[in-house]
Amino acid sequence: MTDKPNARPGIDAPDHRGRTGLDRAGRGLDRNPDVVVRDVELTSRGWHVLRRTTFDYRRRDGRWDTQQRETYDRGNGAVVLPYDTGRGQVLLTRQFRYPAYVNDHPDGMLIEAAAGLLDGDDPLAAIRRESAEELGVTLGPIAHVLDAYMSPGSVTERLHFFAAPYTPADRTGTGGGLEEDGEDIEVLELGFTEALSMIRDGRITDGKTILLLQWAALDGPFSPFSTAASTG
């Protein structure tokens, strides 16, 4: 820790995660000449970071407007849909999600594709890690599907979407997540047709999972019109 008496954790002194300069994000951005960042304020610096940014924005009619936006920075993430076309199966998870529970989900137990934050890894390495931890699966070739901002009005996260074939022999562990991280994850092996029906009747409501399942039906491994994808 710094000896400066007025040092601010997360800014010019390390916070509890050893981070400094958290107020620098966005300063100096010049990719869009119609946006000028004026100030960045940290409003929360827990495990993730909440910022309030003041910027000037040039509207389409040429007028400049000063605006403020809060952004939640939790890092980028990756998600994968393992599939077995021979048996018509996909691997998903079920776990408790408090934000969904507090916002009208019946019990907070969401069915999802396995996902996690990159935590310094590249997206492929991260999704292999998450597949082993959450699903107990050792994946072989992995296809990149797309990248997407899932809640661009307030969350900075960019999510990398992947899909990968698997067989019963690839299930090399029990999965379930890391107990030390508070995870208690149930592994679900579902028929693909059943998984699609769960979107229609509301049993699957997670956005990233819906996107991957519909991709698999329209342009992925369960579509007769599937296109080739790069693997890694």
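For the structure itself, look to the data block above.
Note that this is a predicted model, so its numbers are computed, not measured.

Caption draft 1: Structural view of the pattern of salt bridges. With the rule as written, the count across this model stands at 21 salt bridges. Here Arg-38 and Asp-56 are joined by a salt bridge, their closest N and O atoms 2.6 Å apart. In this pair, Arg-38 is assigned in strand E1 (residues 35-45) and Asp-56 in strand E2 (residues 49-58), connecting sequence segments 18 residues apart. For Arg-38, a relative accessible area of 53% puts it in the exposed group. Taking the relative accessible area as the measure of exposure, Asp-56 reaches 12% and is therefore buried. The partner of Glu-186 in a salt bridge is Arg-94, with the nearest N and O atoms 3.1 Å apart. Of this pair, Glu-186 sits in strand E10 (residues 186-191) while Arg-94 sits in strand E5 (residues 89-96), and the two are 92 residues apart along the sequence. With relative accessibility at 27%, the residue Arg-94 sits in the partly exposed group. A cluster of three or more residues bridged by salt bridges with shared partners is formed by Asp-84, Arg-87, Arg-171 and Glu-189.

Caption draft 2: Fine view of the side chain of Asp-206. In this fold, Asp-206 is placed in the loop between helix H3 (192-200) and helix H4 (207-218). A polar atom in the side chain of Asp-206 sits 2.6 Å from the side chain of Thr-209. Discounting residues that sit within four places of it in the chain, Asp-206 has contacts with Leu-110, Ile-111 and Glu-112.

Caption draft 3: The arrangement of the packing of aromatic side chains in detail. This model, assessed by the stated rule, comprises three aromatic pairs. Measuring from ring centre to ring centre gives 5.5 Å for Phe-96 and Tyr-101, while their planes differ by 65°; the resulting arrangement is edge-to-face. Under the relative-accessibility criterion, Phe-96 is labelled partly exposed at 42%. Here Tyr-101 falls in the partly exposed class, since its relative accessible area comes to 42%. Measuring from ring centre to ring centre gives 4.0 Å for Phe-192 and Phe-222, while their planes differ by 5°; the resulting arrangement is stacked. On the criterion of sequence distance, the pair formed by Phe-192 in helix H3 and Phe-222 in the segment after H4 is long-range, its members being 30 residues apart. Looking at Phe-222, the relative accessible area reads 23%, which means it is partly exposed. An aromatic cluster is present here, built from Tyr-83, Phe-192 and Phe-222 joined pairwise through their rings. We note Arg-17 situated over the ring of Trp-47; from NZ or CZ to the ring centre the distance is 3.9 Å.

Caption draft 4: Summary view of unusual backbone geometry. One non-glycine residue with positive phi stands out, namely Asp-104, at about 80°. Residue placement: Asp-104 occurs in the loop between helix H1 (98-101) and strand E6 (109-112). Judged by relative accessible area, which is 72%, Asp-104 ranks as exposed. Phi at Asp-119 is positive, roughly 50°, even though this residue is not glycine.

Caption draft 5: Structural detail: a nonpolar patch on the surface. A cluster of nonpolar side chains, namely Phe-96, Tyr-98, Tyr-101, Val-102 and Met-109, defines an oily patch on the protein surface of about 510 Å² accessible area. Position of Met-109 relative to the elements: it lies in strand E6. The exposure class of Met-109 is partly exposed, given its relative accessible area of 31%.

Caption draft 6: Here's a closer look at the sheet that holds E1. Pairing within the open sheet is antiparallel, and its three strands lie in the order E1-E2-E3. The open sheet has two edge strands with one neighbour each: E1 and strand E3 (64-73). Going from strand to strand, the sheet's axes swing by 20° on average, the running direction of each strand aside.

Thresholds, definitions, all that
- Residues numbered from 1 in each chain as written.
- Predicted model: local features only at pLDDT ≥ 70, side-chain atom pairs only at ≥ 80, totals over all residues.
- Heavy atoms only, no water.
- Salt bridge = Lys/Arg side-chain N within 4 Å of Asp/Glu carboxyl O.
- Helix = DSSP H or I, 4+ residues; strand = E, 2+ residues; numbered from the N terminus.
- Buried < 20%, exposed > 50% of the residue type's maximum accessible area, 1.4 Å probe, protein only.
- Polar contact = N/O pair within 3.5 Å; in protein donor to acceptor, adjacent residues only side chain to side chain.
- Contact = heavy atoms within 4.5 Å.
- Phe/Tyr/Trp six-rings, centres within 6.5 Å; stacked < 30°, edge-to-face > 60°.
- Lys NZ or Arg CZ within 6 Å of the ring centre and 35° of its normal.
- Patch = residues over 30% accessible without salt bridge, like charges linked within 9 Å, V, L, I, M, F, W, Y side chains within 5 Å.
- Areas by Shrake-Rupley, 256 points an atom, 1.4 Å probe, with all protein chains shown as cover.
- Pairing = 2+ DSSP bridges.
- Axes fitted to C-alpha atoms, helices over the stretch in contact; angles between N-to-C directions.

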